[in-house]
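Here is what each chain is made of, one letter per residue.
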Amino acid sequence: MADAGESLSERAEFYQTLGLRVVTALDGVATVDMPDATGFRNSRGDIHGGAVLSLADVAASNAVRSRLGPGDGLATLSVTMNFARPARAPAQAVGQVVSVGGRTAFAQVDVWSGGEIVANGVATIRLFRAATGDRG
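What you see is a predicted model; the values in this text were computed from it and never measured.

The rules behind each value
Residues numbered from 1 in each chain as written. Predicted model: local features only at pLDDT ≥ 70, side-chain atom pairs only at ≥ 80, totals over all residues. Heavy atoms only, no water. Helix = DSSP H or I, 4+ residues; strand = E, 2+ residues; numbered from the N terminus. Buried < 20%, exposed > 50% of the residue type's maximum accessible area, 1.4 Å probe, protein only. Contact = heavy atoms within 4.5 Å. Areas by Shrake-Rupley, 256 points an atom, 1.4 Å probe, with all protein chains shown as cover. Pairing = 2+ DSSP bridges. Axes fitted to C-alpha atoms, helices over the stretch in contact; angles between N-to-C directions. Salt bridge = Lys/Arg side-chain N within 4 Å of Asp/Glu carboxyl O.

Peer 1: When you look at the overall build of the chain in this model, what are you seeing that I'm missing?
Peer 2: In terms of regular secondary structure, the chain is built from three helices and six strands. When the helices and strands of the chain are listed from N to C terminus, the series reads α-α-β-β-α-β-β-β-β. Within the span of the chain, comprising 136 residues, buried residues form 41% of the whole. At a minimum sequence separation of 6, the contacts of the chain that also span at least 24 residues come to 59%. Of the accessible surface of the chain, which amounts to about 6,800 Å², a share of 51% is contributed by carbon and sulfur atoms.

Take a look at the structure:
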């Protein structure tokens, strides 16, 4: 999925709603930008934690997606996030595959804001393999 992230960003309504842009998704690593957080700021002007978590989830899932075959799908089972400090826009998440198995993948993700890591976490992702007809 070399630099096809932009077309995925355009197709995914959720990405558009949050203003997310998949910059790259290749060989198990994905970078996702949140250039603006209009509508997703808390009372202090920081990006709401739920939006930061969504940014991280999108990076982790796109990292895994870049390692899947045609027709394969995925769904996030869990994301564990540790917040070190508030995030301000622009923010960026970098997800990296830890392992991909038959039905489950694991990825780690760092969220960057202001030149430093503001949150990090891990995601567990359920895989739906097209080749086996596995849909649930």
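Now that the structure is up, let's keep going.
Peer 1: Help me understand the environment of L55, please; the structure alone is not making it clear to me.
Peer 2: Structurally, L55 can be placed in helix 3 (residues 49-65). Taking C-alpha positions, L55 is 7.9 Å from D33, a pair spaced 22 residues apart along the chain. Filtering out sequence-adjacent residues up to four positions away, L55 remains in contact with L20, V32, D33, M34, A91, Q92, A93 and V111.

Peer 1: Explain the sheet that holds strand 5 (residues 104-113) here, please?
Peer 2: Two modes of strand pairing occur in sheets, parallel and antiparallel, and in both the strands are linked by backbone hydrogen bonds. Across the sheet, six strands lie side by side as 1-2-4-5-6-3; this open sheet has antiparallel pairing. Either end of the sheet is taken by a strand with one partner, and the two such strands are strand 1 (21-26) and strand 3 (73-83). Strand-to-strand twist of the sheet, defined as the mean angle between neighbouring strand axes without regard to direction, takes the value 20°. One ladder, built from five bridges, connects strand 1 with strand 2 (residues 29-34); its direction is antiparallel. Bridging from a neighbouring strand, A25 pairs with A30 of strand 2. Helix-sheet contacts for helix 3 involve strand 1, strand 2, strand 3, strand 4 (91-100), strand 5 and strand 6 (116-128), and the interaxial angle to strand 4 is about 45°.

Peer 1: How do you make sense of the pattern of salt bridges when you look at a structure like this?
Peer 2: Pairs can form between side chains of opposite charge once their charged atoms are near each other. A full pass over the atoms with the stated rule returns six salt bridges. The shortest N-O distance in the salt bridge between R44 and D46 comes to 3.2 Å. Owing to a relative accessible area of 55%, R44 belongs among the exposed residues under this scheme. Of the charged contacts in the structure, one is a salt bridge between R88 and D46, with a shortest N-O distance of 2.9 Å. Note that R88 is positioned in the loop between strand 3 and strand 4 and D46 in the loop between strand 2 and helix 3, a separation of 42 residues in sequence. Judged by relative accessible area, R88 falls into the partly exposed class, the value being 44%. Through salt bridges with shared partners, one network takes in R44, D46 and R88.

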